Amino acid sequence: MRSEKSIRSFVAAGLFLALLLGACSLGRDVPRVRISNLDDTSGVVQAPEPTEAGWSVVLRNWEKGSATPTASGPVVVFGSHEPLGTTDRFSVNQVVSLNPADGSVRWATTIEQPMENDLQDTYQKALDHGNGDFADPETVVASPDGKYVAIQLEPYMVNGKAKDIADQRMNTVVLDAETGQEVRTVQVSGLVLGQALTNDSLVVQTAENYFPAGTGTLHVHSLKDVRADPVTVRADQWLIGATANSLMLAPGKRLKRVDMDFPYTVTRMSTSGEDLGTLTGILDVHPGGWAERFKDPAAAIREPRVKQSRELINVETGASMDISDMSVDDVILPTGPGLLLERDVRTEQGEKEVKVGWMQARAESKEMSVENVTTIFVDAYAGKVEIEVFSMGKE
């Protein structure tokens, strides 16, 4: 009896040791992501100063920052790489939510990911450096309802000898925009081609090449049931955006709009992979499911040098308005993203661009307002975030 008991004890100890070693091995593949409150924000933002329009806040190290509109006010994300001894370092993101009423800090969070020097990625940098003719990748995105913010962390290789794209890892942290609390942290493997948020899901697109054809996969992570395993959906097109309940995909990466318009087709897909239809003649996409497109895509292709009628359309609701003689810019409103419409006007001094209207970038929006609009303006050169009021009919 004692012998059998000893054997059972030995086997149990062996199993425990094996599980422990397995957990340690897994831990090396998954750097810990630490999320904590940032109590002292003086090193990130200065106290707001009152201005004629409202307020102004000076940001520190803005060259590594971005501002994202949410329903609770703008969320500013600062990224940096902090040294940790001689071989390791921290990849750090400091996230600050500003009160749109006075510019004060609503909440602030630090997201830290310990990084060994030999785990730096190579493939993601190569993809991002090839973005000269394309829109910048969105490493920070908000859900259409403005309740969530998703932040991509620095990618890394699983070990110093890893060479395959499949050996790259990237973590994404989703925060509640109102409270700053962590909603979910997810990890994907492979090259990350894009990410988007619907109102209830984080979607990250990965591939084992520099394009989605053949290996593109959408990883759909629920934000309502954070314990649920992700759903994976094959996608040979590029993920370029999302509406409240669907995804937007295109044959190629989003081009920067410079001198010429290159129309393309957008496919809507549910987060379960169902094809929800296509929309042709798309020129650009905006928050909330809004897109610019040619009214007659076929005519635009036949006569590329002829000025064509354009419209602003919501791909989910079908609501639209004519913007043939206008341009559309994304702006930050106190309670989320907005769209500012401008028109070229001839004067004695020459041609100038005047503001003619604006609208909230929401699916339920149906027409533009001609009232003056309060925006939250990011002055990248001065390193400031401040209130700016735009008057319609003026430059």
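Our subject is the structure that appears above.
Residues numbered from 1 in each chain as written. Predicted model: local features only at pLDDT ≥ 70, side-chain atom pairs only at ≥ 80, totals over all residues. Heavy atoms only, no water.

## Things to note about the environment of Ala-300
Relative to the elements of secondary structure, Ala-300 occurs in helix α3 (residues 297-302). Take Ala-300: its relative accessible area is 8%, and that puts it in the buried class. Considering only alpha carbons, one finds Ala-300 and Pro-263, 37 residues apart in sequence, at a separation of 8.3 Å. Those residues in contact with Ala-300 that lie beyond four places of it in its chain are Phe-294 and Gln-308. (Helix = DSSP H or I, 4+ residues; strand = E, 2+ residues; numbered from the N terminus. Buried < 20%, exposed > 50% of the residue type's maximum accessible area, 1.4 Å probe, protein only. Contact = heavy atoms within 4.5 Å.)

## Description of the packing of aromatic side chains
A full pass over the atoms with the stated rule returns zero aromatic pairs. In this structure, Lys-355 is placed above the aromatic ring of Phe-390, and the distance from its NZ or CZ to the ring centre is 4.9 Å. (Phe/Tyr/Trp six-rings, centres within 6.5 Å; stacked < 30°, edge-to-face > 60°. Lys NZ or Arg CZ within 6 Å of the ring centre and 35° of its normal.)

## Notes on the sheet that holds strand β13 (residues 191-197)
The four strands lie next to each other as β13-β14-β15-β16, forming an open sheet whose pairing is antiparallel. Strand pairing shows two members of the sheet lacking a second neighbour, β13 and β16 (231-234), which therefore form its edges. Going from strand to strand, the sheet's axes swing by 20° on average, the running direction of each strand aside. (Pairing = 2+ DSSP bridges. Axes fitted to C-alpha atoms, helices over the stretch in contact; angles between N-to-C directions.)

## Considering a negative patch on the surface
A cluster of acidic side chains, namely Glu-138, Asp-329, Asp-330, Asp-344 and Glu-353, defines a negative patch on the protein surface. Relative to the helices and strands, Glu-138 is located in the loop between α2 (123-129) and β8 (140-142). (Patch = residues over 30% accessible without salt bridge, like charges linked within 9 Å, V, L, I, M, F, W, Y side chains within 5 Å. Areas by Shrake-Rupley, 256 points an atom, 1.4 Å probe, with all protein chains shown as cover. Salt bridge = Lys/Arg side-chain N within 4 Å of Asp/Glu carboxyl O. Lys, Arg positive; Asp, Glu negative; His and termini not counted. Charge placed at Lys NZ, Arg CZ, Asp CG, Glu CD.)

## So, the sheet that holds strand β3 (residues 55-58)
Taken in spatial order, the four strands make up an open sheet running β2-β3-β28-β27, and their pairing is antiparallel. With partners counted over all chains shown, the strands left at the sheet margins are β2 (49-50) and β27 (373-379), one partner each. Bridge analysis of β3 against strand β28 (residues 384-390) gives three bridges, and the strand direction is antiparallel. Counterpart to Val-58 in the pairing with β28 is Lys-384.

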